[in-house]
Amino acid sequence: MSHSLHRYGTKEDLKNDFCMYARCARGVNRDNPGDKLRKILDIYLSENYVNYGSSHAGKSFINGLKPEEYKKTLDHAYGIIISFSDRESVKGVLTKLKDADLGISIVVSGLIEEVSNICDEIGLTPHTATLSLGIYGKKELLPDEDTLKIITMCGHSLIGAPLVQSVAEKVKKGTITPEEGSVIIGKPCTCGIFNTRRCASLMGGTEDKGCPEGNGCPGCITAEK
């Protein structure tokens, strides 16, 4: 899950940024995993999620991907991914997945201290930990730090610095809200790991932790439109 590993930021603005990936393994459980993946998706969606998506579905929640539409693609998929903006939702999902014991690997991406503490609290022992060692090379060629915090939430590099800077300028001028801007920025990322709530917060909005089914979060803004 290295595409979600290199999210740039401070401990403070990364503490509510989590991705979770259910991944089948070739030769182990990759044949006909649809029913199990649909069960995992139901567990994902039972908590306060931010975004989800899939290359198999070809779009994300903020692009209008509905759960039932997503489920239809899972017979031919081998993984599902979702993002959260609070640790209690992650804890709730992991607890339910532990009880379900579906035999599919679950990867959680976030601050290592937060993820480790959650696992300790619910009696899970992580199998493997992968750490980002930071950025090396000609860092002077990189965008500014505020832009990096946003573009690195799309690990496939589908969100460009010019888009972020253009939208941030509109937010600054009051043309659009931070929440609306976060949806515009996040749409090129179809796999669903782009955290619109963190993005809105970074652009000066309020980090809403409400339900994504009607409380004014970026996902609902998209659905309403």
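These numbers were taken from a predicted model, which means no experiment stands behind them.

Draft legend 1. A look at the overall build of the protein. In terms of regular secondary structure, the protein is built from ten helices and five strands. Projected onto the principal axes, the alpha-carbon positions of the protein cover approximately 50 × 40 × 30 Å. Within the span of the protein, comprising 225 residues, buried residues form 46% of the whole. Sequence-distant contacts in the protein: of pairs separated by 6 or more residues, those separated by 24 or more amount to 70%. A total accessible area of about 11400 Å² is found for the protein, and carbon and sulfur atoms account for 51% of it. For the protein, the distance from the average position of its 28 positive side-chain charges to the average position of its 29 negative side-chain charges is 4 Å.

Draft legend 2. How the structure looks around helix H4 (residues 87–100). The end-to-end C-alpha separation of H4 is 20 Å, in line with the 20 Å expected for 14 residues at 1.5 Å each. Here H4 has its buried residues at Ser-89, Val-90, Gly-92, Val-93, Leu-94 and Leu-97. Contacts made by the buried residues of H4 are with strand E1 (18–23), helix H2 (34–45), strand E4 (79–84), strand E5 (105–109) and helix H5 (112–122). Just downstream of H4, Asp-101 is the residue with a positive phi angle, here 50 degrees.

Draft legend 3. Region of the structure containing the side chain of Asp-86. Inspection of the secondary structure puts Asp-86 in the loop between E4 and H4. Although Asp-86 lies buried, it forms no salt bridge, and the closest oppositely charged side chain, Arg-197, sits 5.2 Å away as judged by the N-O distance. Looking at Asp-86, its side chain comes within polar contact range of the side chain of Ser-89, at 2.9 Å.

Draft legend 4. Summary view of the environment of Tyr-8. As for its placement among the helices and strands, Tyr-8 is situated in the segment before helix H1 (11–14). Spatially, the C-alpha atom of Tyr-8 lies 9.2 Å from that of Asp-146, the residues being 138 residues apart in sequence. The residues contacting Tyr-8, other than those within four sequence positions of it, are Leu-14, Ile-135, Glu-145, Leu-148, Lys-149, Thr-152 and Arg-198.

Draft legend 5. Just unusual backbone geometry, in detail. A positive phi angle, near 50 degrees, is found at Asp-101, a position not held by glycine. Its place among the elements puts Asp-101 in the loop between H4 and E5.

Draft legend 6. Inspection of the sheet that holds strand E2 (residues 49–54) at higher detail. The strand order across the open sheet built from five strands is E3-E2-E4-E1-E5, with neighbouring strands paired in antiparallel fashion. Because the sheet does not close on itself, it has two edges, and the strands there are strand E3 (59–60) and E5. Of the pairings in the sheet, the one linking E2 to E4 comprises four bridges and is antiparallel in character. Pairing of Tyr-52 across the sheet is with Ile-82, part of E4. Packing of H4 onto the sheet brings it into contact with E1, E4 and E5, and relative to E1 it is tilted by some 20 degrees.

The rules we used
Residues numbered from 1 in each chain as written. Predicted model: local features only at pLDDT ≥ 70, side-chain atom pairs only at ≥ 80, totals over all residues. Heavy atoms only, no water. Helix = DSSP H or I, 4+ residues; strand = E, 2+ residues; numbered from the N terminus. Buried < 20%, exposed > 50% of the residue type's maximum accessible area, 1.4 Å probe, protein only. Contact = heavy atoms within 4.5 Å. Areas by Shrake-Rupley, 256 points an atom, 1.4 Å probe, with all protein chains shown as cover. Lys, Arg positive; Asp, Glu negative; His and termini not counted. Charge placed at Lys NZ, Arg CZ, Asp CG, Glu CD. Expected span 1.5 Å × (residues − 1). Salt bridge = Lys/Arg side-chain N within 4 Å of Asp/Glu carboxyl O. Polar contact = N/O pair within 3.5 Å; in protein donor to acceptor, adjacent residues only side chain to side chain. Pairing = 2+ DSSP bridges. Axes fitted to C-alpha atoms, helices over the stretch in contact; angles between N-to-C directions.

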